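Structure at a glance
Residue strings, one per chain:
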Amino acid sequence: TMLRNRMNSSNPFLKQVEAQSKANYYDQFSKYQMNPNAYANDILKVSLWSKQQEILNSLIEYEKVLVRSGHGVGKSFTLACGINWIYDSYTDLTGIVTGATQKAVTDIVFGEARRLRKTRFSWNRSAIFK
């Protein structure tokens, strides 16, 4: 397997095919780059209430977004929608997700993000190119 991976990584034709596959992947989501609410509705098949929509829109407008509210109002779910939107819509965008504890981030936020993607395809983008 290691030799095969090395051969694949040095083969210009395979690099070109992989680059085209990535381009095709992102082309289908390009119309959502400036509209995370449409992405949530069309792709994730979820309906967000007005404050959740406002939070997603703020990801476009601001470099940092802080959301303060009580328990059980949908902050983690909204962030999970945003994570999926960024993951699908942008090839090289990165971000930082923080929470009160590591468990809150890894289990709750990213657990929601994985659950939202479950019906679509693997969270691991490299699985698409196999």
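Here the structure is a predicted model, which is why all the values come from computation and not from measurement. (Residues numbered from 1 in each chain as written. Predicted model: local features only at pLDDT ≥ 70, side-chain atom pairs only at ≥ 80, totals over all residues. Heavy atoms only, no water.)

1. Focus: the overall build of the protein
Each helix and strand counted, the protein has 6 helices and 0 strands in total. Tracing the protein from N to C terminus, the helices and strands come up as α-α-α-α-α-α. Within the protein, the proportion of its 130 residues that are buried is 25%. Within the protein, contacts between residues at least 6 apart in sequence are counted, and of these 66% link residues at least 24 apart. For the protein, the accessible area works out to roughly 9,300 Å², and carbon and sulfur atoms hold 54% of it. (Helix = DSSP H or I, 4+ residues; strand = E, 2+ residues; numbered from the N terminus. Buried < 20%, exposed > 50% of the residue type's maximum accessible area, 1.4 Å probe, protein only. Contact = heavy atoms within 4.5 Å. Areas by Shrake-Rupley, 256 points an atom, 1.4 Å probe, with all protein chains shown as cover.)

2. Digging into the nonpolar core
The biggest cluster of nonpolar side chains holds 19 residues, and the ones touching the most others in it are Tyr 39, Leu 44, Val 46, Leu 48, Phe 77, Cys 81 and Leu 116. Taken together, the elements giving at least two residues each to this core come down to α2 (12–27), α3 (36–42), α5 (75–89) and α6 (102–117). For this core, the element with the most residues is α5, which contributes 6 residues. (Core = buried A, V, L, I, M, F, W, Y, C linked by side-chain atoms within 4.5 Å.)

3. What to know about the pattern of salt bridges
Two side chains of opposite charge can pair, provided their charged atoms sit close to one another. Under the definition given, this model contains 4 salt bridges. A salt bridge links Glu 54 to Lys 51, with the shortest nitrogen-to-oxygen separation between them at 3.4 Å. Linking Glu 54 with Lys 51, this pair stays in helix α4 (residues 50–61), spanning 3 residues, or about one helical turn. Its relative accessible area of 49% is what places Glu 54 among the partly exposed residues. (Salt bridge = Lys/Arg side-chain N within 4 Å of Asp/Glu carboxyl O.)

4. Describing the confidence of the model for the protein
Chain-level statistics for the protein give a pLDDT mean of 80 and a share of 73% at 70 or above. Confidence drops under pLDDT 50 across residues 122–130; counting only partners more than four residues distant or on other chains, this segment forms 19 contacts. (pLDDT = per-residue confidence, 0-100.)

5. Considering a nonpolar patch on the surface
A surface patch of nonpolar side chains, amounting to about 240 Å² of accessible area, comprises Tyr 62, Val 65 and Val 67. Mapped onto the elements of the fold, Tyr 62 is located in the loop between α4 and α5. (Patch = residues over 30% accessible without salt bridge, like charges linked within 9 Å, V, L, I, M, F, W, Y side chains within 5 Å.)

6. Some words on unusual backbone geometry
The backbone of Lys 45 sits at a positive phi, close to 60°, despite the residue not being glycine. Mapped onto the elements of the fold, Lys 45 is located in the loop between α3 and α4.

7. Side note on the environment of Val 46
Structurally, Val 46 is set in the loop between α3 and α4. Taking the C-alpha atoms as reference points, Val 46 and Leu 116, separated by 70 residues in sequence, lie 9.1 Å from one another. When neighbours within four sequence positions are excluded, Val 46 is seen to be in contact with Ala 40, Asn 41, Phe 77, Cys 81 and Leu 116.

8. Describing the side chain of Asn 37
Among the secondary structure elements, Asn 37 is positioned in helix α3. We classify Asn 37 as buried; its relative accessible area is 14%. A polar contact of 3.4 Å, which involves the side chain of Asn 37, links it to the backbone oxygen of Gln 53. Aside from chain neighbours lying at most four places away, what touches Asn 37 is Leu 48, Gln 53, Leu 56 and Asn 57. (Polar contact = N/O pair within 3.5 Å; in protein donor to acceptor, adjacent residues only side chain to side chain.)

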